[in-house]
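Architecture and fold: a report
Each chain, written out:
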Amino acid sequence: SIDNQRYTAVTSIFCAGPTIRINGIPYGSPFTIRAVGPTAELVQALNRDPDISGWSQLVLLHYHAAKHVAIPAYALPLRFSIAKPANIGTSRL
């Protein structure tokens, strides 16, 4: 999540100076990003990412591991223009 907005395949993020707009809602810095996954692998991915290393020259980045992370549910309706939901439990062989 970014500032308690759940990040999904349909999340829109726009940057305008020191603010970002997530799903149409504006947020100012600092930004809080929460992720779920194996800590070592997430930290390694951040350290290897060239965009993260570039941004770390301009802004302060810090992260820490937490045993419990709460990420809110996605609050907006999911609208796919091309993809369609899978029919779980049905087989068409």
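In what follows, the accompanying structure is described. (Residues numbered from 1 in each chain as written. Predicted model: local features only at pLDDT ≥ 70, side-chain atom pairs only at ≥ 80, totals over all residues. Heavy atoms only, no water.)

1. A word on the environment of Ile22
Position of Ile22 among the secondary structure elements: in strand β2 (residues 19–22). Taking C-alpha positions, Ile22 is 8.1 Å from Ile2, a pair spaced 20 residues apart along the chain. (Helix = DSSP H or I, 4+ residues; strand = E, 2+ residues; numbered from the N terminus.)

2. Comments concerning the pairing of strand β3 (residues 25–28)
With four bridges connecting them, β2 and β3 associate as antiparallel partners. Pairing of Ile20 across the sheet is with Tyr27, part of β3. (Pairing = 2+ DSSP bridges.)

3. Some points on the sheet that holds β2
Strand order across the open sheet formed by three strands is β1-β2-β3, with antiparallel pairing between neighbours. Both edges of this open sheet fall to β1 (13–16) and β3, since each of them pairs with a single strand only. Shown here is a sheet whose adjacent strand axes are inclined to one another by a mean of 25 degrees, direction ignored. Pairing analysis gives four bridges linking β1 to β2, with the strands arranged antiparallel. Residue pairing in the sheet places Phe14 in a bridge with Arg21 of β2. (Axes fitted to C-alpha atoms, helices over the stretch in contact; angles between N-to-C directions.)

Interpretation note: all reported values are geometric properties and have no functional meaning in isolation.
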